Amino acid sequence: MRELLPVVIDGAIYASWLFVVAIGLTLIYGVMKILNMAHGSLYALGAYAAASLGGAWFAGGHSPYASYAILVLAALIVGLIAGPLLERGLLRFMYGKDEIVLLLVTYAVFLILEDVIKLIWGVDPYFIAQPYGMLGNLDFAGLTYPVYSFVLIAVAIFIGIGIAWVLQRTRPGKLLLVVIHDREVSLAMGINVSLFYLTTFTAGAMLAAIGGALTAPTVSVVPGMGVEVIVLAFAVVVIGGLGSLPGAALGALIVGLVRSAAVHYLPQVELFSIYLVMALVLILRPKGLFAGFEARKI
Amino acid sequence: MNPRDRTLVTLVAALVVLLAVGALLPPWQFLATVALAKGCAVLGLMLLLRTGLVSFGQGLYFCLGAYSAGGLGQFLGVTDALVLLAAGCLVAAVVAVVLGFLLANYRNIFFAMLSLALSMILYGLLVKSQALGSTDGFNVAPPTLAGWALSGHDGRFFLYALACVVAFAGALTLDRYFKTPLGRLAAAIRDNELRVEYMGASVRQAIHVKYVIACALAGLGGALTGLTVGHIDPEMAYWTTSGEFVFVAILAGTGSVAAPFLGSVLFEIVRSVAYQHSPNTWQLALGTAMLLVIMFLPRGLWSIFATRGKVA
């Protein structure tokens, strides 16, 4: 039992990271029915932008405490550029095609973005560790944790509540639910559906980039960093149910706890435990634990 | 059946040309052997594509085939290429029979996702298994054929010839299969599953059989790749390997059993040339090509060759 608390804390930290990384994927799928394989690349773009912009910020000798805002700003810029570019420039020509064709289209985008990143930033690693180290450590339950990890948990909760609030309490959010429910009828009622698609995709891209930007201080930013994130994010949203917000939260928690339990008790199974859970959930509940609203389709 | 069916003639011609090119141009052999091996995996994927299924997890069987062949050589001292290829094919088929009971219930992105998850499980297992070399994998003992070593100048040609023959046999078998009633169900299932059931055929069973064939081909391809490259590692089960197969299959199209091999050879040539000249932009070119194909040639590059008006 002594070991249980660290497992839970590690799990919560990892889960919050997963949630931030995966939430954009489920948002885009929920609204547009696109399983975006380029999600990991957007994550990597966010990390690179954060490393560059943050690096310039520190080199300029500005206040280090504002660097957190810079990280988020970098992610927002990435989302604002990449989101509309991809949605308006490519994806809108693909609506109405099979989900699987859209999957292949975003796979092509993933291939392209992987190299775009190398063209812009080269292949050398980038580091932006200051925001991570600056906050120091916190002793908790006999163990030491970086404060930054707890910031990550707070950010995940904030994002989750924020999105839920927008969807349920604001007019555009409610309209978006209408669009999800029935695209044609909402078109007929005068809702600007293509604007909602554009906004959703951009928001999803921003969330992916924020995930990357907040991860950048904890890792070295290298080419290919998005490749693994894609499958992890897939695992999270598939477990929870594609397109479901509480599903993504639950999926992140499950994957986070499973991985941290595996790391603590049975390190050999760490890597595949996540995919094992994903496969099990797909086998037992193919549409995920929080299945979407399928009934409306007929 | 169809007097204008020239598949057999085309395949024989392709086999002769491939053997001649290989004999005249030794440096071409290695690249082409790997391309033909991967072409086998793509061939299997093509069968699934014709059924309307996309598997993002063929790497699982590709890797299984390679590890079975490599493991037999490493731990049991078996080096006969034919035995090793058969073993790779068989292990993949057996695993596919088991997993097929599960996967045959899934369609669309769920099929893609579950197959991806399964291949990532194997990847995770292999990465953590020290006995099999963890992330480094291990070297495959040089294969022999009926006592002959398949290394050295002549040996490499024979390995290449073996790959050509295996690819030829695979393509021909699948072509014959497509012309059987069960094979013809593929397009029917893709178009309208419900009506296939009304006709009295079991969609589930048909998909299961097709899945096993596809996976056996992937296992065969993996074993052949392992023997050719002489080294295997868990990367073969990573989702990017499966993604590469999907890429080649989409690019080549499903018009003919020769398409996957053509696509695979083209892909390997482009990759090796592009990798030398611009290692940082070749994926960009690949991605762009894929988008163009999806948009303008939904039936793949092969549709350029296919006669106009002929409905697949």
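Residues numbered from 1 in each chain as written. Chains lettered and ligands numbered in written order. Predicted model: local features only at pLDDT ≥ 70, side-chain atom pairs only at ≥ 80, totals over all residues.

Observations regarding the overall build of chain A
As a reminder of what qualifies: For helices the rule is a DSSP run of H or I covering at least 4 residues; for strands it is a run of E covering at least 2, with both sets numbered from the N terminus onward. Restricting the calculation to C-alpha atoms gives the radius of gyration, and the globule rule supplies 2.2 Å times the number of residues raised to the power 0.38. Neighbour counting defines burial: a residue surrounded by 20 or more other C-beta atoms within 10 Å of its own C-beta is buried, one with 12 or fewer is exposed, and intermediate counts give partly exposed, using backbone-placed C-beta atoms. By definition, residue pairs are in contact when their C-beta atoms, positioned from the backbone, come within 7 Å.
Each helix and strand counted, chain A has twelve helices and two strands in total. Listed N to C, the secondary structure of chain A is α-α-α-α-α-β-β-α-α-α-α-α-α-α in terms of helices and strands. Taking 19 Å as the expected radius of gyration for a compact globule of 298 residues, we find that chain A reaches 19 Å, a close match to that expectation. Reported as C-alpha extents along the three principal axes, the dimensions of chain A are approximately 60 × 50 × 35 Å. Buried residues in chain A amount to 49% of all 298 residues. Contacts spanning at least 24 positions in sequence make up 77% of the contacts within chain A whose residues lie at least 6 apart.

Overview of unusual backbone geometry
Residues and elements named next belong to chain A. The phi torsion at K33 lies on the positive side, around 60 degrees, for a residue other than glycine. Its place among the elements puts K33 in the loop between α1 (4–32) and α2 (39–59). Classification of K33 by C-beta neighbours within 10 Å gives partly exposed; the count is 17.

Quick word on the interface of chain B and chain A
Contact residues are listed per partner, giving 32 residues for chain B and 32 residues for chain A. Put simply, the parts of the chain that give the side of chain B that touches chain A at least two residues each are α5 (108–128), α10 (239–252) and α12 (282–296) of chain B. Tallying contributions element by element places α5(B) first for the side of chain B that touches chain A, with 15 residues.

Here we look at helix α4 (residues 81–103) of chain B
The condition that has to hold: Multiplying 1.5 Å by the residue count of a helix minus one yields the expected span of that helix. The angle between axes fitted to the seven-residue stretch ending at a residue and the seven-residue stretch beginning at it gives the bend at that residue.
Its 23 residues place the ends of α4(B) 31 Å apart at the C-alpha level, agreeing with the 33 Å of an ideal helix rising 1.5 Å per residue. The largest bend along α4(B) measures about 35 degrees and falls at V97(B).

Digging into helix α10 (residues 225–240) of chain A
Residue and element names in this part refer to chain A. Its 16 residues give α10 an end-to-end C-alpha distance of 24 Å, which sits within 8% of 22 Å, the value for a rise of 1.5 Å per residue. Across the 16 residues of α10, 14 count as buried, placing the element largely inside the fold. Two residues or fewer past α10, G241 is found with a positive phi of approximately 110 degrees.

Looking at the pairing of strand β2 (residues 143–146) of chain A
Residues and elements named next belong to chain A. Spelled out, the test is: Pairing between strands requires that DSSP locate at least two bridges from one strand to the other.
With four bridges connecting them, strand β1 (residues 137–140) and β2 associate as antiparallel partners. Within β2, the residue paired with L138 across the bridge is Y145. Between β1 and β2, which pair antiparallel one after the other, the connecting turn spans two residues, and A141 there sits at a positive phi close to 50 degrees.

Topic: the confidence of the model for chain B
Residue and element names in this part refer to chain B. Rules: For every residue, the predictor assigns a confidence score, pLDDT, that lies between 0 and 100.
A residue-level look at chain B finds 96% of positions with pLDDT of 70 or above and a mean pLDDT of 84. Per-element confidence in chain B is highest for helix α9 (residues 203–229), whose mean pLDDT is 91, and lowest for strand β3 (residues 148–149), whose mean pLDDT is 74. Complex prediction metrics read pTM 0.86 and ipTM 0.82.

Things to note about the confidence of the model for chain A
Do not read the fine detail of predicted coordinates wherever pLDDT is low. The share of residues in chain A with pLDDT of 70 or more is 97%, and the mean pLDDT across the chain is 85. A low-confidence stretch, residues 294–298 of chain A (pLDDT under 50), is modelled with two contacts involving residues beyond four sequence positions or located in other chains.

Section: the environment of V78(B)
All names here are of chain B. You can see V78 is positioned in the loop between α3 (59–76) and α4. The exposure class assigned to V78 is partly exposed, which follows from the 17 C-beta atoms found within 10 Å. Leave out the neighbours within four places in its chain, and V78 touches L72, G73, V83 and L84.

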